[in-house]
Amino acid sequence: MIRFRYLFGVGRELDRAQLAQVQDIYRRSFPYAPEYAEKIAQWMEKRPRPDVDPVLIVAVGEGGGVTGFALLLRFPDLKYAYLDYLASDPGTRARGIGGALYEAVRELLLQKGAKGLFFDVPHDNQKLLKDPSRAAVNQRRLGFYRRYGALPIEGTLYDKTPTRANEGYLTHLVFDPLDRRRPLRAQAARAFVRALYERKYGLNPKDPEIAPIVASFKDDPVRLRQPRRAVPEAPPATQRRLFPVQVVTNDRHRLHHLKERGYVERPVRVDAVLRGLEGLGVAHVKPRHFGETPIRAVHTAALIGYLARASARLGPKDLIYPTVFPLRRRRRPPREFEMRAGYYCIDTFTPLAHNSYVAARAAVDCALTGTVLIEHGERFVYALCRPPGHHAEPEAWGGFCYFNNAAVAAHRLSTQGRVALLDIDHHHGNGSQEIFYRRADVLTVSIHCHPDHAFPYFTGFADEKGAGPGKGFNRNYPLPPGTDDTAYLKALDDALKHITRYAPHFLVLSIGYDIMKGDPTGTFNVSTTGMRAIGRRIAAMRLPTLIVQEGGYSLGNLRHGARAFMTGLTATW
Ligand code: Q9C
Ligand code: ZN
């Protein structure tokens, strides 16, 4: 089994380790030009040109080591990409890595709506080769790409002219239209070739050596070398190799179904989100079990124990609504377990039912499963947690939340790097704020409706900035009811700038579709267009991002909001 991973940067330890392995494979595959190994690192580390978006796709073998790579230079303004290198470890016996990598490259580009892929293949004409014996190998390579519909461009000077770019080794420029039926226009080809010389080789396209080559792309459409006989098509990539987003779903949430009047936090919410994601090509992952230990890192044993025992004592129809609140008697939890509920709860509308504990545990498992995927190198993981979590404090549940899923995840990630926890639910994430209030290793930022007007009413003010070692590491953006896309995105941009200054290794996003217009618990007017814009901005952070489901209670908004957010998240090139 080959796994694939794409690297958009090398911010993480895992990225850097894999980059080193890529360089090693490079040096062993291309021993005559070892200096480019440095250049690969530069593309990935420094991102020296804003008009080149480099991506490294690595194949990961059974043992976790890199067995091959493809370096792709994407030209976002042109929507074309250049495949700079594709190599598999000459030392591994595993076969088919090169082909699988090429399919992964195509899959990524198709996902992103690219218009085509270019790359160089050494010439197959003996007379034009410094080492004529290579012609046969090069013919085979062209044959391999031909099966994908990738054909060498003919009728230009590109494959005939020694330049500083090719250093005298003549190559064909091969074009893969991906799944497009549209021919390559001369103008588009010239724009690409110009960009290639300029952006990859640092040559001026007006250079007397280069300009005639660019100008030689005259045929419109560009002529591709047609195979002399029919070519067997490459087998369709049966299994997807790259997914833009992994979605972790958990069935046990259904056990927690409070059929109370007006209890809008219900199981169909998850179905609505899943319907919204249909057809977007996301991967679905089942959660693993993690036990209680990670929960203890953010909640007290007393709260966990109470939820576990009280939940277990209840019959299927029973509910405990907190009734007495010993707020000023924190050292005296009521002995009578039903009366003790108010000691551990922040409101009177979030009852405890007989499966609440089991479901809350499953929601944490969902978030932690997502966390592990992020640790293994995924870029975006969406933990579709239910019940939600961000109102759950170290020793209190409430606001439809029992355990703080996002906080458990953020705490786990914090053992591996700096974490920013951004909460964009309509309601202030009092629980997440409280859990990390005295810590500098998790930056908490929340955009929400001003607590003068919205739940939880007691936290979320702008002057709550963290305390002790955590001073300056909590930031709140309370916005007025009626906030629209423009005002929301302005606050988001500011919040993201603040997060960028913190230079986190990971982003945890608590997402609530209750910011959208018409939410029964919300007051904002964010539209689906706004949700798409939010997704784009989150992706532009270029961080490994765990998205954790919080609120959102209009089924239509859950469906369309999730779809729009996800579309924005994966739209960037
Ligand atoms: N019947 C989350 O979005 N509003 N919690 C009060 C009283 C409840 C929202 C309704 C807001 C809680 C996770
Ligand atoms: Zn909410």
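Going by the structure above, here's the rest.
I will try to describe carefully the structure that is included in this document. Predicted, not measured: the structure shown is a model, and the values here were computed from it.

Turning our eyes to something else, we now look at the site of ligand 1. In the region of ligand 1, 13 residues are neighbours, and His-391, Gly-399, His-427, Asp-514 and Tyr-553 sit closest. Gly-399 has a polar backbone atom sitting 3.0 Å from a nitrogen atom of ligand 1. Considered on its own, ligand 1 offers 410 Å² of accessible surface; in the complex 76% of this is hidden by protein. Considering only residue class, the shell around ligand 1 consists of six nonpolar, five polar and two charged.

In spatial order, the strands read β1-β2-β3-β4-β5-β7-β6-β8; together these eight strands make up an open sheet with mixed pairing. Pairing within the sheet leaves two strands with one partner each, and these edge strands are β1 (3–7) and β8 (223–224). Here two bridges tie strand β6 (residues 151–154) to β8, and the two strands are oriented antiparallel to one another. For Glu-154, the partnering residue across the bridge sits in β8 and is Arg-223. Taken strand by strand, helix α1 (residues 13–29) contacts β1, β2 (53–60), β3 (66–75) and β4 (80–88), and its axis lies near 100° from that of β3.

Now for the pairing of β2. For β2, the tally of buried residues reaches eight of eight residues, placing the bulk of the element in the interior. Both faces of β2 are covered, namely the face carrying Asp-53, Val-55, Ile-57 and Ala-59 and the face carrying Pro-54, Leu-56, Val-58 and Val-60. Where β1 and β2 come together, five bridges link them in antiparallel fashion. Residue pairing in the sheet places Tyr-6 in a bridge with Ile-57 of β2. Where β2 and β3 come together, eight bridges link them in antiparallel fashion. Bridge pairing in β3 links Val-58 to Phe-69. The hairpin turn running from β2 into β3, its antiparallel successor, is five residues long, and Gly-64 in that turn takes a positive phi close to 95°.

Right, let's talk about the sheet that holds strand β14 (residues 419–423) for a bit. Neighbouring strands of a sheet are bound in pairs by backbone hydrogen bonds; such pairs are parallel or else antiparallel. Read from one edge of the open sheet, eight strands run β10-β9-β13-β18-β17-β14-β15-β16, paired in parallel fashion. Each of the sheet's edge strands pairs with one partner strand only, and the pair in question is β10 (283–285) and β16 (474–479). In this sheet, adjacent strand axes meet at a mean angle of 15° when their direction is disregarded. Relative to strand β17 (residues 506–511), β14 runs parallel, the two being bridged by five bridges.

A few words on the layout of surface pockets. Approximately 1800 Å³ is the volume found for the largest pocket. In terms of lining residues, the largest pocket is bounded by 48 residues, among which Phe-30, Tyr-32, Tyr-85, Pro-122 and Thr-171 are the most central. Within the residue set of the lining of the largest pocket, elements represented by two or more residues are α1, α2 (36–46), β4, α3 (97–111), β5 (116–122), α4 (135–146) and α5 (186–200). Broken down by element, the lining of the largest pocket gets its largest block of residues, seven residues, from β4. Of the residues assigned to the lining of the largest pocket, the class counts are 26 nonpolar, 10 polar and 12 charged.

Before going further, it helps to spend a moment on the packing of helix α14 (residues 528–540) against helix α15 (residues 555–571). One way to put it is that α14 packs onto α15 with a least axis distance of 6 Å and a crossing angle of 35°. With respect to the hand of their crossing, α14 and α15 are arranged in right-handed fashion. Here α14 contributes Thr-528, Met-531, Arg-532, Ile-534, Gly-535, Arg-536, Ile-538 and Ala-539 to the contact with α15, which in turn contributes His-560, Gly-561, Ala-564, Phe-565, Thr-567, Gly-568, Leu-569 and Ala-571. Here the contact of α14 with α15 is composed, by residue class, of eight nonpolar, six polar and two charged.

Definitions and cut-offs
Residues numbered from 1 in each chain as written. Chains lettered and ligands numbered in written order. Predicted model: local features only at pLDDT ≥ 70, side-chain atom pairs only at ≥ 80, totals over all residues. Heavy atoms only, no water. Near = heavy atom within 4 Å. Polar contact = N/O pair within 3.5 Å; in protein donor to acceptor, adjacent residues only side chain to side chain. Areas by Shrake-Rupley, 256 points an atom, 1.4 Å probe, with all protein chains shown as cover. Nonpolar A, V, L, I, M, F, W, Y, C, P; charged D, E, K, R; others polar. Pairing = 2+ DSSP bridges. Helix = DSSP H or I, 4+ residues; strand = E, 2+ residues; numbered from the N terminus. Contact = heavy atoms within 4.5 Å. Axes fitted to C-alpha atoms, helices over the stretch in contact; angles between N-to-C directions. Buried < 20%, exposed > 50% of the residue type's maximum accessible area, 1.4 Å probe, protein only. 1 Å grid on protein atoms, 1.4 Å probe; cavity = no way out; pocket = protein on both sides within 12 Å on 5 of 7 lines; lining within 4 Å. Points joined across faces, edges and corners; volume = space filled by probe spheres on them. Left-handed = near helix turned anticlockwise from the far one by under 90°.

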